[in-house]
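Single-letter residue listing:
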Amino acid sequence: MLHNFMLGASVAFSPTSLLFILFGVLWGILGGALPGITGSIAMALLLPLTFSMAPSVALMMLAGVYIGAMYGSSITAILIRTPGAPASAATIFDGYELHKQGRSGVALGISLYTGTIGGLFSVVVLIALAVPLANFALAFGPPEYFGMTVFGLAIISSLAGKSMVKGLISGVVGLILATVGMDPFSGIPRFTYGSEELLGGIDLIAAMIGLFAVSEVFIQAAEKGSWAKVDEAFASKLPTWVELKSTWRATTLGTVIGTIVGIMPGAGGTIGGFIAYNEGKRWSRTPEQFGKGSLEGVAAPESANNAVTGGAMVPLLAFGIPGSNAAAIMLGALMLQGLRPGPMLFQNSPDIVYSLFVGMIIANVFMLVTGYIFIKPCIKIVNISKPILMASIMALVTVGCYAINNNINDVWIALILGVVGYLMRKYDFSPSAMVLAMILGFMVETSLRRSLVISYGSISCFYTRPIALVLIILALVTLFFPIIRAIRDERNGVKNSGPAA
Amino acid sequence: MNWSNIVIGIILLAGSAFYYYSTLDFPPPSKTENLGPAFFPALLAGVLAFLSLLLILNNLLARRASGKQKGGAVIEGAERLEEDAFSAEDISYKFLLGTIALSFVYVWLISVLGFVISTVLFLIVLIRLLGYEKWVNNVAASVGLTAALYLLFAVALGVTLPAGIFFE
């Protein structure tokens, strides 16, 4: 293990790696600060650039973007009451209040410092969990992987939409899209309808860029009016040590909650931030200050959304199953290089996994060092007019998608799925669940078919192997529990007609 | 009753039928691989049909789907935020449809005029369409951005971008 860390550190501390991690962090802070551009969109925009990089460098850079964006989104949340990404939505309550009181620098500083604490802690948890879990997963055969992927998809889809049916539909459509292309077992083309371009399947990277980034451009374009201008001359006095120390309770809560939420598939920074804000208020000595410019009200969600970053890497690295958009994009970057995360990656390329661990620590340190200086340039870019920014993203998306395979068809896929993603979001379906299902679809089908090949066609392999059985039961419980609960509530006379209190 | 959900449900139902229909001429399972290429897609078609029916029925009966009552301030807060993105009065269909149409024309133009000319044109027109009125800044930004993308992808990363009919 120590040997592996030395190996990882030697990769992560090379000048090229450091340069790309720094670039990733700054790009992430900027993307996070831009209203509407979330961390995963900022990551997706860089994805086409990674094909010429070493896989370890690509992963560290993308992790840097993810980490930086979690802090960046608090900049606009605090300064113009518009969260740069939903992950910082809970920060506006107290962050903007502090800004109005002339304590903008204090709010931004608390966000940066507690975010770094949350981020670093979550990397430690990631290392502590991912390594033993991956060792455990080495024993997994096709039936276990089948149970695992179905369980993961069940959680993601049922958490994703406002209505569970729509979340599940999003997931199933993703699985359906994943079946397009050459059948991995028989080699016959499926659902290609004579198109040679579709033989290789729908390009995942183009699909992610379309569903995440292009759909967001359409949403932003459709909104009348521009973003509020950010005043560059804000009070820049940073928090004192005493002020930072006064948030320890909220920071601890936020860090722990964020890490746990990050590990759970389907939940991310947004949910983590809101839970941390509520819990921070509940456990605070001065809950009455929340909403009136409480430092704890900034510390709780901001430590939580940064703590999500480490947690989200746990299922990706240990099992090869992405639980969030950001993890899906990291997986996309690996697949672009012909690699797949999971226990075998620990065995075959420990340098990639361990350099990511070290790289994430470096990224948090870079964020701490550059985070405050970089606010001013960020404000300048946010103040560039929205039409120019949106048009630029569209052009970047187009050339980026083309560059993946030197193929214009990938651009068409991104564009069409951009329209689909827009409609899905408009009608409360979940593009995230669809993307995650597209990624896992291949694994679900091959693990199912391989299981039955190994067991000579008997389905006993799913109930005689304990781990597989537990995972399948968990998946069924996830899918049917909400229905059972609904029926039970109805029997108890709870009216479902109004929105839940 | 929510008509858009019912229409979406019917479209998905038709889609699942078409998807199932496409599996019918797949070859049967082989001796060693007993599920064959059609099993998994057919299963998915069934699940999608079931879920679409559920969506239609849920809305016909004008009841809220069971997943709605997750409750708690957390989910509520996140939901309210999502809804903000689509407060109907603030949506400009001119901007939306214009952006979508222009993007499609742009991708088609790339194969005709090449990357450089189409990108400059696309950027100038889209920036103007979205309401930016300073022409000099617009053209400067469009040309500058195209140059930056060309340098990054064609020069630094060595991607062969489409040159178009004028440069071939």
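Residue indices begin from 1 for each chain and proceed along its sequence in written order. In the order they appear in the text, chains get letters beginning with A and ligands get numbers beginning with 1. In view of the model being predicted, local features appear only for residues whose pLDDT reaches at least 70, and side-chain atom pairs are presented and counted only at 80 or more, with totals across whole chains, interfaces and linings using the full set of residues.

Caption draft 1: Here's a closer look at the overall build of chain B. Secondary structure is summarised from DSSP: a helix means a run of H or I of at least four residues, a strand means a run of E of at least two, and numbering begins at the N terminus for each. Along the backbone of chain B there are six helices and zero strands. Order of helices (α) and strands (β) in chain B, N terminus to C terminus: α-α-α-α-α-α. Here a residue counts as buried when 20 or more other C-beta atoms sit within 10 Å of its C-beta, as exposed when there are 12 or fewer, and as partly exposed otherwise, the C-beta atoms being derived from the backbone. Relative to its full complement of 168 residues, chain B shows a buried share of 30%. We call two residues in contact if the C-beta atoms placed from their backbones are at most 7 Å apart. A fraction of 58% describes how many contacts in chain B between residues 6 or more apart in sequence connect residues 24 or more apart.

Caption draft 2: Looking closely at the overall build of chain A. Counting its secondary structure elements, chain A contains 22 helices and two strands. At 22 Å, chain A has a C-alpha radius of gyration in line with the 23 Å of a compact globule built from 501 residues. Considered along the principal axes of its C-alpha atoms, chain A spans approximately 70 × 60 × 55 Å. Taking as baseline every contact in chain A between residues at least 6 positions apart, the subset at least 24 positions apart corresponds to 79%. A radius of gyration in this sense is built from C-alpha atoms; the matching globule rule multiplies 2.2 Å by the number of residues raised to 0.38.

Caption draft 3: Region of interest: the environment of Ser226(A). Residues and elements named next belong to chain A. Considering the arrangement of structural elements, one finds Ser-226 in the loop between α9 (204–222) and α10 (241–245). Spatially, the C-alpha atom of Ser-226 lies 22 Å from that of Val-419, the residues being 193 residues apart in sequence. In contact with Ser-226, other than residues within four places in its own chain, are Ser-385 and Lys-386.

Caption draft 4: Highlighting helix α6 (residues 104–137) of chain A. Here the expected span of a helix is defined as 1.5 Å times the quantity of residues minus one. Helix length check: α6(A) (34 residues) gives 47 Å between terminal C-alpha atoms against 50 Å at 1.5 Å per residue, within 8%. Most of α6(A) sits inside the fold, with 24 of its 34 residues counted as buried.

Caption draft 5: Structural context of the packing of helix α14 (residues 325–336) of chain A against helix α20 (residues 431–454) of chain A. Residues and elements named next belong to chain A. Interaxial angle, 0 to 180 degrees, is taken between N-to-C directions of lines fitted to C-alpha atoms, where a helix line uses only the stretch in contact. Direction vectors running N to C along α14 and α20 enclose 35°, while the axes themselves pass 10 Å from each other. The crossing of α14 and α20 is left-handed. In this structure, α14 contributes Asn-325, Ala-328 and Leu-331 to the contact, and α20 contributes Ser-432, Val-435, Leu-436 and Ile-439. By residue class, the composition of the contact of α14 with α20 is five nonpolar, two polar and no charged. Note on convention: the crossing is left-handed when the near helix lies turned anticlockwise from the far helix by less than a right angle, right-handed when the turn is clockwise. Here the term charged refers only to Asp, Glu, Lys and Arg, the term nonpolar to Ala, Val, Leu, Ile, Met, Phe, Trp, Tyr, Cys and Pro, and the term polar to all other amino acids, Gly among them.

Caption draft 6: Focus on the interface of chain A and chain B. Between chain A and chain B, the contact holds 65 residues from the first and 69 residues from the second. Mapped by element, the contributors of at least two residues to the side of chain A that touches chain B are α8 (164–178), α9, α12 (269–283), α18 (386–405), α19 (408–426), α20 and α22 (466–491) of chain A. Ranked by the residues each element gives to the side of chain A that touches chain B, the list is headed by α18(A), at eleven residues. A class-by-class count of the residues in the side of chain A that touches chain B yields 43 nonpolar, 14 polar and eight charged.

Caption draft 7: Looking closely at the nonpolar core. The term nonpolar core refers to a group of buried residues, namely Ala, Val, Leu, Ile, Met, Phe, Trp, Tyr and Cys, whose C-beta atoms join them within 7 Å. Leu62(A), Met208(A) and Ile209(A) are the most contacted members of the largest nonpolar core, which has 217 residues in total. Ranked by residues supplied to this core, first place goes to helix α4 (residues 55–80) of chain A with 18 residues. Residue ranges for the domains trace back to a domain assignment, done automatically or taken from a database. When residues of this core are sorted by domain, at least three fall in each of domain 1 (3–87) and domain 2 (93–156) of chain B. Beyond its immediate stretch of four places on either side in the chain, Ile209(A) contacts Ala44(A), Leu47(A), Val214(A), Val397(A), Gly400(A), Cys401(A) and Ala414(A).

Caption draft 8: Geometry of unusual backbone geometry. Residue and element names in this part refer to chain A. The phi angle at Arg-81 is positive, at roughly 60°, despite the residue not being glycine. Within the element layout of this structure, Arg-81 appears in the loop between α4 and α5 (92–100). Its identity is not glycine, yet Asn-406 carries a phi of approximately 50°, on the positive side. Note on placement: Asn-406 falls in the loop between α18 and α19. Residue class for Asn-406 comes out exposed when judged on the 11 C-beta atoms lying within 10 Å of it.

Caption draft 9: Examining the packing of α6(A) against helix α16 (residues 350–370) of chain A more closely. Residue and element names in this part refer to chain A. Contact geometry for α6 and α16: axes closest at 9 Å, N-to-C directions at 175°. In terms of their interaxial angle, α6 and α16 are classed as roughly antiparallel. Between α6 and α16, the contacting residues are Leu-112, Thr-116, Gly-119, Leu-120, Val-123, Leu-126 and Ile-127 on the first element and Phe-357, Met-360, Ile-361, Asn-364, Met-367 and Leu-368 on the second. Its residues assigned to classes, the contact of α6 with α16 comprises ten nonpolar, three polar and no charged. Should an angle lie under 35 degrees it is considered roughly parallel, over 145 roughly antiparallel, and from 65 to 115 roughly perpendicular; all remaining angles are considered oblique.

Caption draft 10: Here's a closer look at α9(A). Residue and element names in this part refer to chain A. Over its 19 residues, α9 extends 26 Å from the first C-alpha to the last, a length consistent with the 27 Å expected when each residue adds 1.5 Å. Here the bend at a residue is taken as the angle between two axes, fitted respectively to the seven residues that end there and the seven that start there. At Gly-210, α9 shows its largest bend, some 35°. In terms of residue burial, α9 counts as a mostly covered element, since 18 of its 19 residues are buried.

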